[in-house]
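Given next are the chains, with one letter for each unit.
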Amino acid sequence: MIAGAVIAAAMLRFLDPYTSVYQTDNPVEGERFSHEPGFWKSPNGLVDPLAKIPAARILYSCFLLRETPFEKYDPEKPSDLFKVNQVGYLPSMPKFAYIGAWLGPRLGAWKPKKPLTGWQLVAADSGEVVLDSPTPPALRIPDGYTQEGTPFTGEETYEMEFSSVTNEGTYFLRIPDIGRSRNFRIFATAAEDAFRVHMGGLYQKRCGIAKEEPYTHWTAGACHTNVVRGTFASEEGKLTPEVNWFDIIRHNTDWQNGEQLHIVGGWYDAADYDRRPSHLNIVNDLCAVYLMRPKNFRDGQLAIPENHNGIPDILDEAEWGLRHLLAGQQSDGGVGIWIESTGHPGPGNVAENDEMPYALARATRRSSMRYAAHAALLARCHPAFRQRYLESAIRAWEFALREKPRTEIFEVKYRRYRFFTRSEVVYWDEDKTLPVHYLVKAAVNLHALTGDTSYLEAVTHDMKRVMEDFGKEGWAWIPLLFAGERVLGPPKELEEFFKGWERRTRKAANDIWQQIETSYAYRAPWWAPQKGWVHTMGLGHAHPLVRAQCLLAAHQITGDAHYLEAASLANDFHNGCNPQGATLTSGLGEVYPIAFLDLPSYVDGIAEYVPGITPYRWTYGVPPKVIEMVWGGDKKQTSKWPIWRRWGNLEIKTIAASEYTVWETIAPAASVTGYLMTPGKSTPLPKRPPPAKDLRDLAGYWTLP
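Position labels on residues start from 1 in each chain and follow its written sequence. Local features in a predicted model are, by the rule used here, given only for residues with pLDDT of at least 70; side-chain atom pairs are given and counted only at 80 or more, and totals for whole chains, interfaces and linings are based on all residues. No hydrogens and no water enter the side-chain calculation; it runs on all heavy atoms of the structure.

Focus on a nonpolar patch on the surface
The criterion, for reference: Put simply, a patch holds well-exposed residues, over 30% relative accessible area, that have no salt bridge, with like charges counted together within 9 Å and Val, Leu, Ile, Met, Phe, Trp or Tyr side chains within 5 Å. In this description, accessible areas are obtained by the Shrake-Rupley approach with a 1.4 Å probe, and a residue is regarded as covered only by the protein chains that are shown. Think of a salt bridge as a Lys or Arg side-chain nitrogen and an Asp or Glu carboxyl oxygen that are within 4 Å of each other. What counts as a helix is a DSSP run of H or I of at least four residues, what counts as a strand is a run of E of at least two, and both are numbered from the N terminus.
Nonpolar side chains collect at one region of the surface, where Ile409, Val425 and Tyr427 lie side by side and expose about 330 Å² of accessible area between them. You can see Val425 is positioned in strand 19 (residues 420–429).

Following this line, the structure appears as structure tokens:
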């Protein structure tokens, strides 16, 4: 992107014989078409973060309606009315596709001019009609509305099912007098294709290693290998409103004389370059899905440097999330698990040239137990990691049990009211008890590795507290937290705990399965329109593959096929069977996110943003900056914008929609697609296409119906 430049670009598309759309990002052209009844300013702006005065790129859409087909209408040209899985359907899973469109706040839902008749599934190579349905596409579930009257999709959505077709091949859907879909595939390794893209997103976010050919076209140098051992704690805790952890790190780290560490490993988080405690969730998710589906994974499966070392690549990537913590383990066994700086990096900070200082948190009882739990889990996955991590996990466990809770005293300085600097002494109290979930996880894994019953006794001596904490806090634990341990066989001493975890998991999975079946026309695993949690979409909570992790655990527990089928439907939604007809991950499928909050993508000199990134996307409400910059402050107009279409991408101005994290959106997508892979079916590493030279060449640049 070039700051301040206005690039004229236009596109004329035909959706069906009675509708076309003219789209432009040129405000002059947009003004010229503003008198049309279907004209609207599309909420798809983006900000160039490198501009001194950010200017939004805004698309203008003009839908033109006629009673007869447009002269240039070509029924064999794919229509964006059709929403299909752009990566591919799995042969043995349910298969649905959809048609529908929202023609902006003025025209509302697209409606066929005459009743729909039948539809056909056609083999793309031969033109043979594989499935000829005399029954028209079904209007499955009417669009829902919020209590304020805002629609969720803005559509009348019609569904077509072709689950009976299991032969691998390339197909398209055709509806008389409407048109045809883009080509799509049915093939056994479809989930592996998606898995590789998601895992590639993790590789792109590795710290301490250069990203190079042949593993990626988006090359970058090694970054953030030198850190200072700090004195701040590994968990944020509660601070006064005026003080934040950046203040504490800035004023209480001995940057000059502190212990200098050379650390390689971990992933930098989202648009920032910190490595956070929550990244251990990635280690858990990858290890758990490997243990649940070991036949799905092999060495040489991923485009990573370790893909020839005899260890399944998914475990190599999981180990990347621990090696920097192993390198930074204290001599007393404690492990700090947070690497942070004195603030967020600016958009011009290239990772390998970032001059901001970074410090490794000191170990706490909680951080050390959390590390021990995940290091021991990885050690159970492969003998090479047992040799490397078992002793380290034992030392971290011993530190966590040996140390006493501490009170930290920090002095910080911060600017107040822009006029003067104030100093303040801040007290931070460590929790007096260890978190139950990490205590149980570490105890189970260390007992299994060593046979030492003292690990289990550390849990069973206070089972009342363990079960009480599970009852209060278990709902918030990540879905796969104990999935790997369950597969390996939990100890009989903790049978009650694991049965409780299984019951809670099944209940949550049943709720999600019910949501897929009954909440929306598109089979989305999200709360129904009138449910109390439906508004909590921001920060990736509504992502289908985040939600689907619970379905994996339930399938592993029960073996019930409907959980696996529901997870596959969630993957379909992620891959294009959704209102916008786009996949939710950059570089995945044909129409995908092309701009989001990602610092390396701003400065790498490559037009197309880095692949494998899954932005948060939906926010339920409209972010204030979107109202201001895209809609010109028109709140009435924004209130008409359907909930599932609120992709107001203003990058740094709309973090809850435009950012992502490696642990919240990327790793869950990798774990679900890894589980969905067909055992024994794999393909050689594909040759990925080079990056686009112009964002306008990518279908995701343009708004969709």
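Concerning helix 14 (residues 495–518)
Where we set the bar: Helix span, as expected, comes to 1.5 Å for every residue beyond the first. When a residue's accessible area, from a 1.4 Å probe over protein chains only, is under 20% of the maximum for its type it is buried; when over 50% it is exposed; and in between it is partly exposed. In this analysis, two residues are considered to be in contact whenever any of their non-hydrogen atoms come within 4.5 Å of each other.
For helix 14, spanning 24 residues, the distance from its first C-alpha to its last is 35 Å, which sits close to the expected 34 Å at 1.5 Å a residue. All of the buried residues in helix 14 are Phe497, Phe498, Gly500, Trp501, Glu502, Thr505, Ala509, Ile512, Gln515 and Ile516. Buried positions along helix 14 lie against helix 10 (436–450), helix 12 (463–473), helix 13 (483–488), helix 15 (544–547), helix 16 (549–558) and helix 17 (561–574).

Quick look at the packing of aromatic side chains
What characterises a pair of aromatic rings is the spacing of the ring centres plus the angle enclosed by the ring planes. Inclusion rule: Aromatic contacts are taken between Phe, Tyr and Trp rings whose centres are within 6.5 Å, Trp giving its six-membered ring; a plane angle under 30 degrees counts as stacked, one over 60 as edge-to-face, and the others as tilted.
The tally for this structure, following the rule as stated, stands at 35 aromatic pairs. For the pair Phe14 and Phe70, a centre-to-centre distance of 5.7 Å together with 45° between the ring planes defines the contact as tilted. Taken together, the residues Phe14 in strand 1 (residues 10–16) and Phe70 in the loop between strand 4 (56–65) and strand 5 (82–83) connect sequence positions 56 residues apart. Each member of the pair Phe14 and Phe70 is classed as buried. Judged by centre distance (5.6 Å) and plane angle (55°), the ring pair of Phe195 and Phe297 falls under tilted. Of the two residues, Phe195 sits in helix 3 (residues 190–204) while Phe297 sits in the loop between helix 5 (280–292) and helix 6 (313–320), which places them 102 residues apart along the sequence. Of the residues examined, Phe297 reaches a relative accessible area of 6% and is grouped as buried. An aromatic cluster is built from Phe152, Tyr520, Phe573, Trp618, Tyr620 and Trp644, whose rings are joined through pairwise contacts.

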